[in-house]
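These are the residues of each chain, in order.
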Amino acid sequence: RSIGRSLTVIRTYTSPSAANWPGGFPYDRSDFLPSPGSLSEMIRNINPSLIVYPRADLWPALVARAADATVPQVVVGGSVPSDSRRLKWPGRGMNARMVRRLTAIGAVSDADIRSWQRIGAPPAKIVLTGDPRDDHVLDRISDVRWIEALTGWTGGDFVLLAGSTH
């Protein structure tokens, strides 16, 4: 689907069960996320304009390498349940640096905003967006131009790298 620009979508995953996951949002390539030692090379070769994570499905090594390469990273449908280990010691401290490296977080609810802030995300990076229901909404929406709101600030053609979107 064209959103008015040249768009390449790469879907990555770490679980073999996601390899043959049913379709939804169209992608150009789908493959395993490389090992942490190869992430910098992958980012350099793909040169993504944006990395999108669903819910709170963050991969620390990918977040770190992408931040080092100044690749914008956003969370959509960002939800952190109140009983999440991310909110307790030592998880909160271990995740604080990672969430500060994100460009933006689209939180599902006010409670999720508070959870992201407890983890260490700066309030200015968190926006209440509601629940996009990653897998289900795109089945019903044929016009995906709304993605331009996320990527308009990247300028020029862009590559969207979607991680763990199963």
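Residues numbered from 1 in each chain as written. Predicted model: local features only at pLDDT ≥ 70, side-chain atom pairs only at ≥ 80, totals over all residues. Heavy atoms only, no water.

> Explain the overall build of the protein residue by residue, including any values.
Along the backbone of the protein there are six helices and seven strands. Written out in order from the N terminus, the α and β elements of the protein read β-β-α-β-α-β-α-β-α-β-α-α-β. Here the protein holds 166 residues, and the buried ones make up 39% of them. Of the contacts made within the protein by residues no fewer than 6 positions apart, 58% connect residues no fewer than 24 positions apart. (Helix = DSSP H or I, 4+ residues; strand = E, 2+ residues; numbered from the N terminus. Buried < 20%, exposed > 50% of the residue type's maximum accessible area, 1.4 Å probe, protein only. Contact = heavy atoms within 4.5 Å.)

> Tell me what's going on with the pairing of strand β5 (residues 104-107), and back it up with residues and numbers.
The side chains of a regular strand alternate, residue by residue, between the two faces of the sheet. Two elements, strand β4 (residues 73-78) and β5, share three bridges in a ladder whose sense is parallel. Of the residues in β5, the one forming a bridge with Gly78 is Ala107. Crossover handedness for the path β4 to helix α3 (residues 91-100) to β5: right-handed. Where β5 lies against strand β6 (residues 126-128), three bridges are found, and the strand directions are parallel. Across the sheet, the residue bridging to Ile105 is Ile126, located in β6. Between β5 and its parallel partner β6, the chain crosses via helix α4 (residues 110-119), and the hand of that crossover is right-handed. (Pairing = 2+ DSSP bridges. Right-handed = clockwise from strand over helix to strand, strands pointing away.)

> Which residues make up the packing of α3 against α4, and what values do they have?
Between α3 and α4, the least distance of the axes is 8 Å, while the angle of their chain directions is 100°. Comparing the axis directions of α3 and α4 gives the class roughly perpendicular. Here α3 contributes Arg92, Asn95, Ala96 and Val99 to the contact with α4, which in turn contributes Trp116, Arg118 and Ile119. (Axes fitted to C-alpha atoms, helices over the stretch in contact; angles between N-to-C directions. Parallel < 35°, antiparallel > 145°, perpendicular 65-115°, else oblique.)

> Run through unusual backbone geometry, naming residues and quoting values.
Look at the link from Trp89 to Pro90: it is a cis peptide, with omega at 0°. Along the chain, Pro90 turns up in the loop between β4 and α3. Positive phi is not limited to glycine here, since Asn47 has a value of about 55°. For Asn47, a relative accessible area of 55% corresponds to the exposed category. A positive phi angle, near 55°, is found at Thr70, a position not held by glycine. Relative to the elements of secondary structure, Thr70 occurs in the loop between α2 (60-68) and β4. Thr70 sits in the exposed class, given a relative accessible area of 67%.

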